[in-house]
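# Structural characterization, general
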Protein chains: 2
Amino acid sequence: MNVFEQRQRRLQAEVVQRGWSGFLITQNIDLYYYTGSMQTGYLFIPAAGEPLYLVRRSLVRAESEASASVEPLGSLKTLKERLAARYPGLLDAAAGTVRLATELDVLPVQQFQRLQVALPGAAWEDGSLLIREQRMIKSPDEVAAIRQAASVVDAALEAAIPSIREGMAEFELMALIEHQLRLRGHQGLMRMRAYNSELITGMVAAGASAAVPTYFDGPAGGTGLHPSSPQSSGRALLQRGEPILVDIGCSIDGYVIDQTRTLVIGGLEPELLRAYEVAEQVLRATEARLAPGTISEHLYLLALDQVQEAGLSAHFMGYGDDQVKFLGHGIGLEIDELPVLAKGFKYPLAPGMVIAIEPKFTFPGRGVVGIEDTYLITEIGFEKLTISRGGLIVI
Amino acid sequence: MNVFEQRQRRLQAEVVQRGWSGFLITQNIDLYYYTGSMQTGYLFIPAAGEPLYLVRRSLVRAESEASASVEPLGSLKTLKERLAARYPGLLDAAAGTVRLATELDVLPVQQFQRLQVALPGAAWEDGSLLIREQRMIKSPDEVAAIRQAASVVDAALEAAIPSIREGMAEFELMALIEHQLRLRGHQGLMRMRAYNSELITGMVAAGASAAVPTYFDGPAGGTGLHPSSPQSSGRALLQRGEPILVDIGCSIDGYVIDQTRTLVIGGLEPELLRAYEVAEQVLRATEARLAPGTISEHLYLLALDQVQEAGLSAHFMGYGDDQVKFLGHGIGLEIDELPVLAKGFKYPLAPGMVIAIEPKFTFPGRGVVGIEDTYLITEIGFEKLTISRGGLIVI
């Protein structure tokens, strides 16, 4: 049984435990996670029996890649009778007793309504948290891909550093790093699950422009190139003595890494240098608790305490109304995975979790300083997956 | 009244005409289209009164960019009373008579359910087609951005061509073109509206690998780098005598262009050369009808006839089960806009529409040939916005 089939089995066990009749998976990334093949269609995981991948396009590709039985999706009008024939008894209970799960966090209403018409009488449950929790624990092949992504990010950063100079535009440095990433296998896009969330490759932002707030749910913003793409790198020029925030990722074999380094041409002014050092201390203190059993929100609360002691609460993870309320986030196929290191997220850390931790301080008009590394939780503690040199990088 | 306020007025007039109480816009791209500022929140366009942009993040950014009144979104628990206070009489009708529209084609079910709880008693209508139809007709500023994107794509392609050589990998050429695009202002991502649809920057695909089918709703596929990113450029090497499909776009000030050229090192085999020439003929015949009043689906049907006459029906826009059923598509802030040149789309062409037209032929095991240009419909006919040299590009 390969890793995709194992995932199907685990989800099937959860379906049975909840008394659902089945899980209809719709999202492209979830489809890949459970089958190994990202096609247009649905994966049906029944409470009993073998999963079925109903594919509109491309059947050829699904048949060659997917670890599941593949059939043409065909018309939604005949979906119910076909499923009923394949899974006798599963869908023909009295109305209201057939409970089907799907990913209500990502599925658009229009498509959901079509499923409601196609499978009348079913009660629909939100299975998105279940999938996100299953995906929270990475298998060795997933960790290997993230490790590879970490190595690509490091190599691309090191390849770009010698070209950094005063007067270079943020977007020029970003373009250079992206090119180095692409030459090393970055797939050219990075995925987020949350509605309306977009990711470029991260951001390079210098001085004041890194501190410009955005809609993006992260501690640094960036002007972006235009109000229609209002985050990440813009046209500001790198200046001597300003922090240059290089928060970049890439995606290798589907898996994302996330890493931030603070660079400076010359040296940082004392207040920002001190804040950078506090960010490093927060990261070290977090590492000291980074082991199975620690509750995810405790790491955030611990950081808040340290930051308050350092007198930097107003600057932590953004400024004013634009502060974000977390210290880190799970990553994998998407960059906004579980667990989140934030209030209300009470996941005990467990082996196989991969978490990006990113203490940062924002000074409006001056810049953002901080550091971000990505960690694997192991049986005995953690392994740092990002490998770039630590500390402030002075050009 | 600026262009964003004009768009709000036009939508408001449609809201009134349909007897709706208001339109709650949720999607980031629609929010930009109607306000000029892409933030996290909702734009409420009431049947009567001034629109209100309720922003969670970033208020600072919204206040400086948006052409609308901005207020903090606050808690959804008090949303109804705040809207009722601001728009007296609008939301307090007897249950069932308050009709609110939103974009059900993109809004996830979870978020929709939260709105249903926040605004009890409202009947929700799907307003997505209305927005898509409004966005179908571009204003002069939108056309200017698309024209600029066309110029950037051409410059990037010309900058890359001298580096093309046998044995170069698809992804290397793609990375080179992307770098050239980014240096000229491409914002680093391209947007699609359809669920699960993703776009890299387009594709560079050589020979057989361009003909590998994918889930992507387009005529050429590409292996991609991995099953987790199963479209666009892969690791195949450019070979002499094979068609190299260069279907690329970029996004400038939010607006997308789409252009395809077929390149070859040396020369094409006769059958593929002939198919390429038929693609050019289809494009010329389409141009001859590209004027106000032509029904969008007729252009597709006309192309089908020509292709059948040429004996190439089996190869048109994909092969076998993986053929796609269109000839072109509107583009603007997203690449999958209206009108679609496909059966069932009966839009009469009108001035201000921008349409990418892409006749292509797929030969499994051998490659894809074709051409794509993007056109503005004018009062008297069309203007071709893409400016790259036509014809097969021989290296």
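Residues numbered from 1 in each chain as written. Chains lettered and ligands numbered in written order. Predicted model: local features only at pLDDT ≥ 70, side-chain atom pairs only at ≥ 80, totals over all residues. Heavy atoms only, no water.

## As for the overall build of chain A
What counts, and what does not: A run of DSSP states H or I qualifies as a helix once it reaches four residues; a run of E qualifies as a strand once it reaches two. Both are numbered from the N-terminal end. With the radius of gyration taken over C-alpha atoms, the globule rule is written as 2.2 Å times the number of residues to the power 0.38. Per-residue accessibility, obtained with a 1.4 Å probe over protein chains only, is compared with the maximum for each type, and a residue is labelled buried under 20%, exposed over 50%, and partly exposed between these values. It only takes one pair of heavy atoms within 4.5 Å for two residues to be counted as in contact. Computed with the Shrake-Rupley method and a 1.4 Å probe, the accessible areas treat only the protein chains shown as cover for residues. Positive: Lys, Arg. Negative: Asp, Glu. His and the chain ends are not part of the count. For charged residues, the charge sits on one atom: NZ in Lys, CZ in Arg, CG in Asp, CD in Glu.
The secondary structure content of chain A amounts to ten helices and 17 strands. For 395 residues, the compact-globule estimate of 2.2 N^0.38 gives 21 Å, and chain A sits close to it at 23 Å. Across its three principal directions, the C-alpha atoms of chain A cover 70 × 40 × 35 Å. Relative to its full complement of 395 residues, chain A shows a buried share of 62%. Sequence-distant contacts, at least 24 apart, represent 67% of the contacts inside chain A between residues at least 6 apart. Carbon and sulfur atoms provide 53% of the accessible area of chain A, an area that totals close to 13,400 Å². When the 35 basic and 46 acidic side-chain charges of chain A are each reduced to a single mean position, those positions are 4 Å apart.

## Some details on the packing of helix α8 (residues 170-183) of chain A against helix α8 (residues 170-183) of chain B
Definition in use: In this description, a line fitted to the C-alpha atoms serves as the axis of each element, helices being fitted only across the stretch in contact, and the angle between N-to-C directions of two axes falls anywhere from 0 to 180 degrees. Throughout, the term roughly parallel applies to angles under 35 degrees, roughly antiparallel to angles over 145, roughly perpendicular to angles from 65 to 115, and oblique to all others. In the scheme used here, Gly and all other residues not listed as nonpolar or charged are polar, with Ala, Val, Leu, Ile, Met, Phe, Trp, Tyr, Cys and Pro taken as nonpolar and Asp, Glu, Lys and Arg as charged.
The interhelical angle for the contact between α8(A) and α8(B), taken along N-to-C directions, is 175°, at an axis separation of 9 Å. On the basis of their axis angle, the class for α8(A) and α8(B) is roughly antiparallel. Along the contact surface, α8(A) presents A:Phe171, A:Glu172, A:Met174, A:Ala175, A:Leu176, A:Glu178, A:His179, A:Arg182 and A:Leu183, while α8(B) presents B:Phe171, B:Glu172, B:Met174, B:Ala175, B:Leu176, B:Glu178, B:His179, B:Arg182 and B:Leu183. Grouping the constituent residues of the contact of α8(A) with α8(B) by class yields ten nonpolar, two polar and six charged.

## Describing the packing of aromatic side chains
Residues and elements named next belong to chain A. Basically, it comes down to this: A pair of Phe, Tyr and Trp rings is counted when the ring centres sit within 6.5 Å of each other, with Trp represented by its six-membered ring. The angle between the planes then sorts it: under 30 degrees is stacked, over 60 is edge-to-face, the rest tilted. A ring has a charge above it when a Lys NZ or an Arg CZ is no more than 6 Å from the ring centre and no more than 35 degrees off the ring normal.
Across all of its chains, the model carries 14 aromatic pairs over all chains by this definition. Ring centres of Tyr33 and Tyr34 lie 4.9 Å apart, and the angle between their planes is 85°; this geometry places the pair in the edge-to-face category. Directly above the aromatic system of Trp20 lies the positively charged group of Arg18, at a separation of 5.6 Å from the ring centroid.

## Looking at helix α2 (residues 28-35) of chain A
Residues and elements named next belong to chain A. Counting buried residues along α2, eight of its eight residues qualify, which places the element largely inside the surrounding structure. By the burial criterion, the buried members of α2 are Asn28, Ile29, Asp30, Leu31, Tyr32, Tyr33, Tyr34 and Thr35. Downstream of α2 by one or two residues, Gly36 has phi in the positive range, about 85°.

## Things to note about empty space enclosed by the protein
Residue and element names in this part refer to chain B. For clarity, the threshold we go by: Using a grid of 1 Å spacing that covers the protein atoms alone, one calls a set of points a cavity when a 1.4 Å probe fits there but cannot get out, and a pocket when the set is open and has protein on both sides within 12 Å along at least five of seven lines; lining residues are those with an atom within 4 Å of a point. Grid points are joined across faces, edges and corners, and a volume is the space filled by probe spheres set on the points. All the domain ranges listed were derived from an automatic or database domain assignment.
Within the structure shown, the criterion is met by six cavities of 30 Å³ or more. Looking at the second largest cavity, the residues that line it are Asp30, Ile131, Arg132, Arg135, Arg193, Glu334, Asp336, Glu337 and Leu338. Breaking the lining of the second largest cavity down by element, the ones donating at least two residues are α6 (128-136) and β11 (337-341). When residues of the lining of the second largest cavity are assigned to their parent elements, the largest contribution, three residues, is made by α6. When grouped by side-chain class, the residues that make up the lining of the second largest cavity number two nonpolar, no polar and seven charged. A domain-level breakdown of the lining of the second largest cavity finds at least three residues from each of domain 1 (3-134) and domain 2 (137-394).

## Re the sheet that holds strand β17 (residues 393-394) of chain B
All names here are of chain B. Stated formally: When DSSP finds two or more bridges between two strands, those strands count as paired.
Pairing in this open sheet of four strands is mixed, and the strands run β7-β8-β9-β17 from one edge to the other. A single partner strand is all that each edge strand has here, and the edge strands are β7 (202-206) and β17. Across ten bridges, strand β8 (residues 243-252) lies against strand β9 (residues 255-264) in antiparallel orientation. Bridge pairing links Ile252 to Tyr255 in β9.

## Focus on the domain arrangement of chain A
All names here are of chain A. Basically, it comes down to this: Note on terms: buried area is the combined drop in 1.4 Å-probe accessible area of two parts once they are placed together, counting the loss on both.
Segmenting chain A into domains produces domain 1 (3-135) and domain 2 (137-394). Computed over C-alpha atoms only, the centres of domain 1 and domain 2 are separated by 35 Å. Contacts between domain 1 and domain 2 engage 17 residues on the former and 15 residues on the latter. With both chains or domains summed, domain 1 and domain 2 bury close to 1,300 Å², and 44% of this area falls on carbon and sulfur atoms.

## Some words on the pairing of strand β5 (residues 98-102) of chain A
All names here are of chain A. Counting buried positions along β5 yields four of five residues, so the element is predominantly enclosed. In the sheet, strand β1 (residues 22-25) pairs with β5 via two bridges, with the strands oriented parallel. Counted as the bridge partner of Phe23 is Ala101 from β5. Here five bridges tie β5 to strand β6 (residues 122-126), and the two strands are oriented parallel to one another. Across the sheet, residue Val98 finds its bridge partner in β6, namely Ala122.

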